[in-house]
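Secondary and tertiary structure notes
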Amino acid sequence: MKNISFLSPPRITTTDYIIIGGGLAGCMLAWMLHTRGKRFLLLDTPHKSNASRISAGIINPITGKRFSPFWDSQSVMESALKAYSTLERQFGKTFLREITALRLFTDTEERDLWFSKRASTLTFAEYLPQESISGDIRQQHGGIRYGAWHLDVEQLVRTLRTWLEAEGCLRNETYNSESTIFSSESVIVETETECFSAQHIIFANGWKTLETSLWKDLPLSPAKGELLTVQAERVPEEMLVHGVFVLPLDNSTLRIGASYSWEELDDTPTPNTASALIAQAQEIFPVPMTLLRHDAGVRPAAQDSKPILGVHPVEPRCAVFNGFGSKGAVYTPYCAEALVDFFEEAKPLAAWCALTRWKAWRGSAEF
Ligand SMILES: Cc1cc2nc3c(=O)[nH]c(=O)nc-3n(C[C@H](O)[C@H](O)[C@H](O)COP(=O)(O)OP(=O)(O)OC[C@H]3O[C@@H](n4cnc5c(N)ncnc54)[C@H](O)[C@@H]3O)c2cc1C
């Protein structure tokens, strides 16, 4: 291979940034760089990981057993709404829709926890006693109703990829660590057919970042998730949340998800998980359901469930844009803006999402 490239050296394309990975993270980062007039090339092999192609795209302002809001929720949500509405205007498509969520309490303990928390941060949710909830829905302890959003991640990523291709900024290439040379002036990446030179290389390749030698110890805890699309005789008026979510897509179609597994990290759907998800959905919404589509993917979750942004402690030209876990839809716009500000305006990254929150990842390169 070396001899061939010596005889006919590959064309060198010079750019500002090389992005590895064209899922939601890489595409949003590319778009953000474009809005700042920067040049970039995105290298992506779509089949290496599936998360963005199958994501449920729900932006849920309170999640988990403890009703946790997401980090820096006001700034993060403002960035998401601004970015998605700009994208909708730019491409003349609808990506984000507002929905309402009805979260049902699992027991009286959970209901009490809710009451102890609502006075502080969660004032936007309305308490619904058991008797005020429609008889179509099975529950015993009441619940809360609040506003949420549904991002059509699949359509957004497809649209951004088509645009990037038309702009000549997307290459269907697999990155491998051996192909990279770092120097004090630039980073050079050689692929089968081309050679790229840039100021920075940013790894936005989801959980597969762990296959890259420089990032193999990144504190990720990837979690496999499975998601169903089913046809149902009736659908609820709003998204139901009760361990699983049951999201109406139209008058007869529901999305049900999502499972979590930290073993067998692959994109293969399993029949047992499909049955379990349907059973959980029917516990609260007991109507006959027929499976239409069953997907699986691996969430690039950080060990502390927050995004990870920053430069490598040893290679300052190498950065990471990762850890979006189960909240890529809400976090990627804010984080893309933060990383571009970091490089272009020397603005420090917020401590909660900076790679340097782990001592082992602090180096002289970080601000
Ligand atoms: C079942 C399920 C349900 C989910 N539901 C929600 C939800 O409701 N709301 C929400 O906000 N989030 C949800 N998520 C999470 C969301 O999908 C992720 O946060 C987001 O998609 C992560 O995007 P990413 O670009 O970081 O990673 P990915 O989507 O994995 O993209 C990485 C890209 O890099 C490519 N790549 C990898 N290695 C290489 C290489 N060496 N060379 C070239 N290309 C490479 C991959 O092929 C892929 O195209 C869900 C995820 C799953 C699995």
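Report on the accompanying structure. Computed from a predicted model, the values in this text were never measured in an experiment. (Residues numbered from 1 in each chain as written. Predicted model: local features only at pLDDT ≥ 70, side-chain atom pairs only at ≥ 80, totals over all residues.)

**A word on the overall build of the protein chain**
The condition is simple: Numbering of helices and strands starts at the N terminus; helices are DSSP runs of H or I of at least 4 residues and strands are runs of E of at least 2. Here the contact rule is simple: place C-beta atoms from the backbone, and any two residues whose C-beta atoms are within 7 Å are in contact.
The helix and strand tally for the protein chain stands at 8 helices and 19 strands. A principal-axis box enclosing the C-alpha atoms of the protein chain has dimensions of 75 × 40 × 40 Å. Once local pairs closer than 6 in sequence are excluded, the contacts in the protein chain between residues at least 24 apart make up 72%.

**Focus on the nonpolar core**
Here is the rule: Core membership is restricted to buried Ala, Val, Leu, Ile, Met, Phe, Trp, Tyr and Cys residues, and these are joined into a nonpolar core through C-beta atoms within 7 Å. The exposure scheme places C-beta atoms from the backbone and then counts, for each residue, the other C-beta atoms within 10 Å of its own, assigning buried at 20 or more, exposed at 12 or fewer, and partly exposed in between.
By size, the foremost hydrophobic cluster in this structure holds 99 residues, and its most contacted members are Ile-18, Ile-19, Leu-29, Val-246, Leu-309 and Phe-321. Here the element with the most residues in this core is helix H2 (residues 24-35); it accounts for 9 residues. The residues touching Ile-19, leaving out its near neighbours within four places in the chain, are Gly-26, Leu-29, Ala-30, Phe-40, Leu-42, Ile-202 and Ala-204.

**Observations regarding the site of the ligand**
Our working definition: Nearness rests on one distance test: the residue's C-beta atom, set from the backbone, must lie within 6 Å of the molecule or strand. Note on residue categories: nonpolar means Ala, Val, Leu, Ile, Met, Phe, Trp, Tyr, Cys or Pro, charged means Asp, Glu, Lys or Arg, and polar means any other residue, Gly included.
Taken together, 41 residues form the shell around the ligand, and within it Gly-21, Gly-23, Gly-206, Gly-225 and Gly-328 come nearest. For the shell around the ligand, the secondary-structure elements that each account for two or more residues are H2, helix H3 (51-54), strand E13 (223-232), strand E17 (289-299) and helix H8 (328-345). Classifying every residue of the shell around the ligand by side-chain character gives 17 nonpolar, 18 polar and 6 charged.

**Quick look at the sheet that holds strand E12 (residues 200-203)**
As a reminder, the rule being used: Each pair of strands is called paired provided DSSP finds at least two bridges between the two strands.
Strand order in the open sheet formed by 6 strands is E8-E3-E2-E12-E19-E18, and the pairing between neighbours is mixed. The sheet is open, and its two edges are formed by strand E8 (170-171) and strand E18 (308-311), each paired on a single side. Bridge analysis of strand E2 (residues 17-20) against E12 gives 4 bridges, and the strand direction is parallel. By the bridge assignment for E12, Ile-20 is matched with Phe-203.

**Remarks on the environment of Leu-113**
As for its position among the elements, Leu-113 is in helix H5 (residues 108-118). When the C-alpha positions of Leu-113 and Phe-67 are compared, they lie 8.6 Å apart, and in sequence the two are 46 residues distant. Those residues in contact with Leu-113, other than ones at most four positions away along the chain, are Arg-66 and Phe-67.

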